[in-house]
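# Summary of the model geometry
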2 protein chains.
Amino acid sequence: MTACRPSLAVVGATGAIGGVMLQILSQHADVWGEVKLIASPRSAGRKLVVRGEESEVLELTEDVFDDVDVALFLVPDEVSAQWAPIAAAKGTVVIDDSAAFRLDADVPLVVPEINPHAVRIRPRGIVASPNCTTLALIVAVGALHAEFGVRELVVSSYQAVSGAGREGVAALREQLSMVAGTELGTKPGDVRRALGDTEGSPFAAPVALNVVPWAGTEAGDGWSSEELAIREECRKVLDLPGLRVAATCVYVPVVATHSMSVHARFENEIAVDRAHEILATAPGVVLYDSPAAGDFPTPSDVVGTDPTWVGRVRRSLDDPRGLELFVCGDNLRKGAALNVAQIAESVAAEFPQRS
Amino acid sequence: MTACRPSLAVVGATGAIGGVMLQILSQHADVWGEVKLIASPRSAGRKLVVRGEESEVLELTEDVFDDVDVALFLVPDEVSAQWAPIAAAKGTVVIDDSAAFRLDADVPLVVPEINPHAVRIRPRGIVASPNCTTLALIVAVGALHAEFGVRELVVSSYQAVSGAGREGVAALREQLSMVAGTELGTKPGDVRRALGDTEGSPFAAPVALNVVPWAGTEAGDGWSSEELAIREECRKVLDLPGLRVAATCVYVPVVATHSMSVHARFENEIAVDRAHEILATAPGVVLYDSPAAGDFPTPSDVVGTDPTWVGRVRRSLDDPRGLELFVCGDNLRKGAALNVAQIAESVAAEFPQRS
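Definitions and cut-offs
Residues numbered from 1 in each chain as written. Chains lettered and ligands numbered in written order. Predicted model: local features only at pLDDT ≥ 70, side-chain atom pairs only at ≥ 80, totals over all residues. Heavy atoms only, no water. Pairing = 2+ DSSP bridges. Helix = DSSP H or I, 4+ residues; strand = E, 2+ residues; numbered from the N terminus. Contact = heavy atoms within 4.5 Å. Axes fitted to C-alpha atoms, helices over the stretch in contact; angles between N-to-C directions. Buried area = accessible area lost by both parts, 1.4 Å probe. Salt bridge = Lys/Arg side-chain N within 4 Å of Asp/Glu carboxyl O. Polar contact = N/O pair within 3.5 Å; in protein donor to acceptor, adjacent residues only side chain to side chain. Nonpolar A, V, L, I, M, F, W, Y, C, P; charged D, E, K, R; others polar. Phe/Tyr/Trp six-rings, centres within 6.5 Å; stacked < 30°, edge-to-face > 60°. Buried < 20%, exposed > 50% of the residue type's maximum accessible area, 1.4 Å probe, protein only.

### Description of the sheet that holds strand E1 (residues 8-11) of chain A
Residues and elements named next belong to chain A.
- What the six strands build is an open sheet, ordered E5-E2-E1-E6-E7-E8; its pairing is parallel. Looking at the sheet topology across the chains shown, the edges are occupied by strand E5 (58-59) and strand E8 (126-128).
- Note that strand E2 (residues 35-39) and E5 share two bridges and pair parallel. Residue Ala39 lies in a different strand from E5, and its bridge partner there is Glu59.
- Packing of helix H9 (residues 333-348) onto the sheet brings it into contact with strand E6 (70-73), strand E7 (93-96) and E8, and relative to E7 it is tilted by some 160°.

Encoded structure:
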């Protein structure tokens, strides 16, 4: 009886991540009773399809959380900061995809493949899901950590423009249309001049025919907020407050799927065959690592898929405890909607099955 | 009297790097007597302009090196391997841009800003210039090394497609024309399918709307030749046979200028202000590091310029001996033609000035 399953609310149902969430809810084993779709007043009233049925989008109000067991928040930080505690006060378990609560000591930060137990201890009634950049690497690194004990990560990202929202995608597509078919990219500033005033672009430099080594806001001492987020979130998810992390975040002209070059140093010596074995069998990981055959993950192949893809796995030549890898993960799926859905499904299992 | 200056030959004058070399020869202080332009029989007879004068391209033969004091080899490895010793046997000093002799113990590998002295000891009469990826980082790292003593480098590259030659540039331009104005880049393999058979592309995966974590050939244990080249060449130029280097080479959809995210660990503790000072005054380096103002190097700004640009300089949060930086260098200028020209100019200074 569907009515006895926990009820669900999707807050931010009309956004980019909300759209992916509706797909996932329609594809995954259905553990939910009623599903409410919720959005800002501007989007309320629209009709969306979930689980094969049309549903009207409701306006975000306090009352909308009455009788909602679990709410997925897929909204900007400030909306979560305001509304997640309101929902939680009603007894709703909130799974929040924003940055608002990720580093709150009373909010667990959960990646179901890595720290599923953490979801149960949630003093504020809120569970947070990590940043899309953290999620692109943590599943692979966490699997290796369980065997070898990770001590240090040096990470360089190749981030997709959708990490900067719909404006990021629009900026790339517009800029590509302006540079395609030209001879641009060979003289100082020629791309920048051809693009003119890139109004509306969230990037401080051209993102077509270019890379932009900056993501997020200033976080002091030359670091960007996204770089520090990777460090703090990896430490929290792995429960390793002393983990050494040095991240550099760089946008590349890719629509969706974040890639990362990872240098990991472990407590124990690495047997590369064993590392391969671990990655080949780890939940949520696909090992795709045969460069001779052209098999390594690239965003073009990984986009739209659920797992973290790992390739270019090799032992550091000058350090028996070091391992290099290249990982790709879809920032809109595992990097956002999928991880939230997985957390929610693990919470759903807590509800008594009254069938 | 021009006739008393050393004579020069440019071998490979009709290629992409040859073209940049002719520009540089026309722009730099003129230290050369006669300049011969040399190419394969296929290109011989063409007329090119250097130093404001038209010159006919000569065919590469043994005799062409008669009376040539210095020859710049801007040709594929196998051409250098065959012809550089022939020229050297005639008493010509060969400056070779190919990989053929870079790791030969009897051939110095020279970056004039870092190890200018090495050019004088050349038992085979050949001097080699490093790979464009090495050159993108070595000038900045070498300057820091002189003060702090570098012990380890973790490098992830964002390499321009021109590093794969004219075919690389042609592949990117063609692919961009096919994906611009589309909604591609959001479904598994959609870019690959839209591009179809990317015949003639030197890349194993799409390079438009994608990144390709492979450069060069297989070098064993999962490493690519380009990754090992960075390691071996940094060690040789810095004269640090024990330097720990872990490089990951990745092509990005950029026409020219290689970028690198560098995590460097030094023997001595880093004062980040002092690191800034060193980089701001090091020859061949431009420090461009004020992220709050949007000032960090990107390929679009750096392409066509001579120096190595450095930004995002910050001390590692978890290691007082660690420093993070992001460097950009034009792979066709400092990464190829310019470094060869600088080496040649230092050799020219050895010749007695008979004015």
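There is more to say, and it comes next.
### Some thoughts on the interface of chain A and chain B
- Facing the 78 residues of chain A at the interface are 78 residues of chain B.
- Approximately 6000 Å² of surface area, both sides summed, lies buried where chain A meets chain B, with 57% of it carried by carbon and sulfur atoms.
- At the junction of chain A and chain B, the tally comes to 16 salt bridges.
- When the shortest N-O distance is used, the salt bridge between B:Arg231 and A:Asp318 registers 2.6 Å.
- At the boundary of chain A with chain B, the tally comes to 43 residue pairs in polar contact (both at pLDDT 80 or more).
- A class-by-class count of the residues in the side of chain A that touches chain B yields 37 nonpolar, 21 polar and 20 charged.

### Some thoughts on the packing of aromatic side chains
- Summed over the entire model, instances satisfying the criterion amount to 13 aromatic pairs over all chains.
- On the numbers, 6.5 Å between centres and 10° between planes, the contact of A:Trp214 with B:Phe296 is stacked. A residue pair is termed interchain when its members come from two chains, as with A:Trp214 in the loop between helix H5 (190-195) and helix H6 (225-238) and B:Phe296 in the loop between strand E12 (285-287) and helix H8 (299-302). A single burial state applies to A:Trp214 and to B:Phe296, both of which are buried.
- Measuring from ring centre to ring centre gives 5.7 Å for B:Phe148 and B:Phe266, while their planes differ by 65°; the resulting arrangement is edge-to-face. Of this pair, B:Phe148 sits in helix H3 (residues 132-148) while B:Phe266 sits in strand E11 (residues 258-266), and the two are 118 residues apart along the sequence.

Remember that the coordinates give geometry; whether it matters functionally is a separate question.
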